[in-house]
Amino acid sequence: MSTTAHKVATQAAARTAKTTGKRPPSVLREIVYGMSLGLFAGYLWKLHHWNNQRRTREFYSLLDQGKITVVADEPPSGAGD
Amino acid sequence: MILRSLECRFLTIALCDAAEPWQLGSQDAATPMMQGIIDLHHDIFFFLILILVFVSRMLVRALWHFNEQTNPIPQRIVHGTTIEIIRTIFPSVIPLFIAIPSFALLYSMDGVLVDPAITIKAIGHQWRASTQPYEYSDYNSSDEQSLTFDSYTIPEDDPELGQSRLLEVDNRVVVPAKTHLRMIVTPADVPHSWAVPSSGVKCDAVPGRSNLTSISVQREGVYYGQCSEICGTNHAFTPIVVEAVTLKDYADWVSNQLILQTN
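Residues numbered from 1 in each chain as written. Chains lettered and ligands numbered in written order. Predicted model: local features only at pLDDT ≥ 70, side-chain atom pairs only at ≥ 80, totals over all residues. Heavy atoms only, no water.

Q: I'm lost on the sheet that holds strand β11 (residues 239-245) of chain B in this one. Help?
A: Within a sheet, neighbouring strands are paired by backbone hydrogen bonds and run either parallel or antiparallel to one another. All names here are of chain B. Across the sheet, which stays open at both edges, the three strands sit in the order β5-β11-β10 with mixed pairing between neighbours. Strands with a single pairing partner mark the edges of an open sheet, and in this sheet they are β5 (173-176) and β10 (221-226). Pairs of neighbouring strands in the sheet enclose a mean axial angle of 25 degrees, with direction left out of account. Bridging between β5 and β11 involves four bridges; their strand directions are parallel. Bridge pairing links V175 to A244 in β11. Strand contacts of helix α4 (residues 247-262): β5 and β11, with the helix running at about 135 degrees to β5, the strand carrying the most contacts. (Pairing = 2+ DSSP bridges. Helix = DSSP H or I, 4+ residues; strand = E, 2+ residues; numbered from the N terminus. Axes fitted to C-alpha atoms, helices over the stretch in contact; angles between N-to-C directions. Contact = heavy atoms within 4.5 Å.)

Q: Help me understand the side chain of D17(B) in this model?
A: Residue and element names in this part refer to chain B. Mapped onto the fold, D17 is located in the loop between β1 (11-12) and α2 (32-65). For D17, the side chain forms a polar contact with the side chain of R219, separated by 3.0 Å. Every residue in contact with D17, bar those within four places of it in the chain, is listed here: Q27, D28, S198, R219, V222, Y223 and Y224. (Polar contact = N/O pair within 3.5 Å; in protein donor to acceptor, adjacent residues only side chain to side chain.)

Q: I tried to follow the packing of aromatic side chains on my own but got confused; where do I start?
A: Two aromatic rings are characterised by how far apart their centres lie and by the angle between their planes. Inspection of every chain in the model, using the stated rule, returns 10 aromatic pairs over all chains. Relative to F149(B), the ring of Y136(B) has its centre 5.8 Å away and its plane inclined at 35 degrees; by these criteria the two rings are tilted. Remark: F149(B) occurs in strand β4 (residues 146-149) and Y136(B) occurs in strand β3 (residues 134-140); sequence separation between them is 13 residues. As far as the burial class goes, Y136(B) and F149(B) line up, both buried. The ring of F46(B) has K46(A) lying over it, and the distance from NZ or CZ to the ring centre is 5.8 Å. (Phe/Tyr/Trp six-rings, centres within 6.5 Å; stacked < 30°, edge-to-face > 60°. Buried < 20%, exposed > 50% of the residue type's maximum accessible area, 1.4 Å probe, protein only. Lys NZ or Arg CZ within 6 Å of the ring centre and 35° of its normal.)

Q: Would you mind going over the pattern of salt bridges with me for this structure?
A: Side chains carrying opposite charge are able to pair once their charged atoms draw close together. The full count for this structure, using the stated rule, is 10 salt bridges over all chains. R61(B) is the partner of E30(A) in a salt bridge, and the nearest nitrogen-oxygen pair spans 3.1 Å. With E30(A) in helix α2 (residues 27-65) and R61(B) in helix α2, the pair connects residues from two separate chains. Of the residues examined, R61(B) reaches a relative accessible area of 23% and is grouped as partly exposed. (Salt bridge = Lys/Arg side-chain N within 4 Å of Asp/Glu carboxyl O.)

Q: Explain the domain arrangement of chain B here, please?
A: Size of an interface: often given as the accessible area lost when the parts come together. All names here are of chain B. Its domain assignment divides chain B into domain 1 (30-68 + 80-108) and domain 2 (116-260). Computed over C-alpha atoms, the centres of domain 1 and domain 2 are 38 Å apart. Contacts between the two partners involve six residues from domain 1, matched on the other side by 12 residues from domain 2. Contact between domain 1 and domain 2 buries roughly 610 Å² in total, counting both sides, with carbon and sulfur atoms accounting for 61%. The largest per-residue losses of area from domain 1 upon contact with domain 2 belong to A30, T31 and M33, which jointly make up 72% of the total buried on that side. Taken together, the links from domain 1 to domain 2 amount to zero salt bridges. Joining domain 1 to domain 2, the criterion identifies three residue pairs in polar contact (both at pLDDT 80 or more). (Domains from an automatic or database assignment. Buried area = accessible area lost by both parts, 1.4 Å probe.)

Q: Explain the confidence of the model for chain A to me, please; I cannot follow it from the model alone.
A: Segments scoring low in pLDDT should not have their predicted coordinates read at a detailed level. Per-chain confidence: chain A averages 82 in pLDDT, with 77% of residues scoring 70 or above. Helix α1 (residues 4-20) of chain A is the least confidently modelled element of chain A, averaging 68 in pLDDT, while α2(A) averages 95, the highest of any element. (pLDDT = per-residue confidence, 0-100.)

Q: Where do I start with the interface of chain A and chain B in this structure?
A: At the junction of the two partners, chain A supplies 42 residues and chain B supplies 40 residues. Of the roughly 3,700 Å² buried where chain A meets chain B, counting both sides, 66% is carbon and sulfur surface. Contact with chain B buries surface across chain A, with P25(A), E30(A) and W45(A) losing the most and accounting together for 16% of the total. Taken together, the links from chain A to chain B amount to four salt bridges. Where the side of chain A that touches chain B is concerned, the elements lending two or more residues are α1, α2 and β1 (68-69) of chain A. Here the element with the most residues in the side of chain A that touches chain B is α2(A); it accounts for 26 residues.

Q: Which parts of the structure should I look at to understand the pairing of strand β2 (residues 118-124) of chain B?
A: Look at any regular strand and the pattern is simple: side chains alternate between the two faces of the sheet. All names here are of chain B. In terms of residue burial, β2 counts as a mostly covered element, since six of its seven residues are buried. As judged from the seven bridges shared by β2 and strand β6 (residues 180-187), these two strands associate in the parallel manner. Each residue of the ladder has a partner; that of G124, found in β6, is P187.

Q: What exactly am I supposed to notice about α4(B) here?
A: Residues and elements named next belong to chain B. Relative to the 22 Å expected for 16 residues at 1.5 Å per residue, α4 spans 23 Å between its end C-alpha atoms, a close match to the ideal helical length. Among all positions in α4, only Y250, W253, V254, Q257 and L258 are buried. Down the axis of α4, the buried side of the element spans an arc of 130 degrees, and every buried residue falls inside it. For α4, exposure combined with an orientation more than 90 degrees from the buried face picks out K248 and L260. (Expected span 1.5 Å × (residues − 1). Arc of directions from axis to C-beta.)

Listed below in structure tokens is the structure:
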């Protein structure tokens, strides 16, 4: 519940903000900015996830084609003795 | 891109299939199940980041605006029906988006679509130098005994060069790659848990019960795990090592094991 004095003060503050060019804080604007920033950060994470998926697919594709291997060669007998 | 640029060379890739010091993320997936788990984690993490950034920004901006010089007159908002409806419905939609891939993965893990080719039984023991005997009941030696072997941990003061401390065993669980396996896990004494993170497997060994899990390792390699249910003094010294090999190498290994067992 806002009193008359509060209403007058709020209107005065709005006029001051208009003359000085500074916008008063707005809950809706902050929510929109926050959601946009959150969605952008989530998009960056998704890029990382899709990149990981692509690298995994590439890895298994090359493995199936025989172009890479995960089996290390046995050292020649007598080495390291 | 790195792999493609090197595909003209015969390249050996080393993956993370054991616990690493200061490790932050999961081990590399070796089975479709683990890949599904990692993908689900990434899906949920998207919402975590969204909420973290949004809430952090709102907190910081609220503190930023709370300034006597720039905003001397605070707003007197006591309620707002529209925003209250939005802030109730929107957060309740997020768990719905999380639940869909979560249930899809959960039910796909339970469903056994392909008949497993091999059945391996892991029997948890305690107080016998941390053994985890394994039984391959599909194969019998000439005296009708199943292929069984113990798997003792390599003591801390006895490793060879290149072996991981407290993760190695003398006899690994050898399995063929790209083959559906059935693991039956049961204990001989107290509860244990057979866990191999890179395979996405953690199956509790509950006394009086045989639990079943399916694995299909997609690439050759050596995968390390540890007992994951407190089972006594040597609980921390009960490693599990699974070695996935080609089908031919697996057949050779089974033959050798049966010959050794017969002798």
